[in-house]
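So you can see what is in the structure, the chains are spelled out below.
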Amino acid sequence: MNDALYALMKELFDENEIRPREQLEAFINEGICKIETTMQDETIESLLIYFDLEDYVFIDYIGINPKFHGQGLGSKVMKDFLARQTKLVLLEVEKVDNELKQRRVNFYERLGLILNDGDYDMLSYLDPSQTIPMKIMSYPTALDKEAFEVYVKKIKQDIYLL
């Protein structure tokens, strides 16, 4: 992972939500974590970091460089990605408690993702004694209660190593 990509992640995401670089690079080296970017000249326009696991794909990060906001790039990146998937796709979003978080959920719903019932807490990377209330979105189908609980366990094991 190059410095420019990690710097963009730090610009786009709260420090509590950024996986340590060494851990991310280890997942990439194992081949289970993949990075896709779009570029304009020498500048990263978008990043998509995901885990391609046995029975699901987990989107860890999707972000658009602020220089390229408002051009429909986020929709294009997600539509292209979702169109290539043959497994269940899962994505975390923060529990909605303000307008910005609701706009994120609305964006993903317009792309066909479904906000599932049920909550869980993500551990902060910065301070593991702190948690972040999250929801899970899925594509192309919703998760029933049993499947939600199964995938929460898988996410905690596969993605967060708990």
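These figures come from a predicted structure and were not determined experimentally. (Residues numbered from 1 in each chain as written. Predicted model: local features only at pLDDT ≥ 70, side-chain atom pairs only at ≥ 80, totals over all residues. Heavy atoms only, no water.)

Concerning the side chain of asparagine 65
As for its placement among the helices and strands, asparagine 65 is situated in the loop between β3 (56-64) and α3 (73-84). Not counting chain neighbours up to four residues away, the residues in contact with asparagine 65 comprise Leu8, Thr43, Ile44 and Glu45. (Helix = DSSP H or I, 4+ residues; strand = E, 2+ residues; numbered from the N terminus. Contact = heavy atoms within 4.5 Å.)

Details of the confidence of the model for the protein chain
Chain-level pLDDT for the protein chain is 94 on average; 100% of the residues reach the 70-or-more range. Confidence scores differ between elements of the protein chain, with strand β6 (residues 120-123) showing the lowest mean pLDDT of 85 and strand β5 (residues 114-115) the highest of 98. (pLDDT = per-residue confidence, 0-100.)

With respect to α3
Between the first and last C-alpha of α3 there are 17 Å, a value that for 12 residues agrees with the 16 Å anticipated at 1.5 Å per step. Among all positions in α3, only Leu73, Gly74, Val77, Met78, Phe81 and Leu82 are buried. For α3, the buried positions fall inside an angular range of 155° around the axis, keeping them on one side. Those residues of α3 that are exposed and angled more than 90 degrees off the buried face are Lys79 and Ala83. (Expected span 1.5 Å × (residues − 1). Buried < 20%, exposed > 50% of the residue type's maximum accessible area, 1.4 Å probe, protein only. Arc of directions from axis to C-beta.)

Remarks on the environment of glutamine 23
Mapped onto the fold, glutamine 23 is located in helix α2 (residues 21-30). Glutamine 23 sits in the partly exposed class, given a relative accessible area of 25%. Those residues in contact with glutamine 23 that lie beyond four places of it in its chain are Tyr125 and Leu161.

Looking at the environment of isoleucine 114
Its place among the elements puts isoleucine 114 in strand β5. Linking isoleucine 114 and alanine 26, residues 88 residues apart in sequence, is a C-alpha distance of 30 Å. Isoleucine 114 has contacts with Ile136, Met137, Ser138, Pro140, Thr141 and Ala142, leaving out every residue within four places of it along the chain.

Focus on the side chain of glutamate 17
Relative to the assigned elements, glutamate 17 resides in the loop between α1 (3-12) and α2. Buried glutamate 17, no salt bridge; nearest opposite-charge side chain is arginine 104, N-O distance 6.3 Å. (Lys, Arg positive; Asp, Glu negative; His and termini not counted. Salt bridge = Lys/Arg side-chain N within 4 Å of Asp/Glu carboxyl O.)

Description of the packing of aromatic side chains
Applying the stated rule across the entire model yields seven aromatic pairs. Centroid distance phenylalanine 27 to phenylalanine 51: 4.9 Å. Interplanar angle 80°. Geometry classified as edge-to-face. Taken together, the positions of phenylalanine 27 in helix α2 and phenylalanine 51 in strand β2 (residues 43-52) put the pair 24 residues apart, joining distant regions of the chain. On the accessibility criterion, phenylalanine 27 (5% relative accessible area) is buried. The exposure class of phenylalanine 51 is buried, given its relative accessible area of 0%. Linked through ring pairs, Phe27, Phe51 and Phe58 together constitute an aromatic cluster. (Phe/Tyr/Trp six-rings, centres within 6.5 Å; stacked < 30°, edge-to-face > 60°.)

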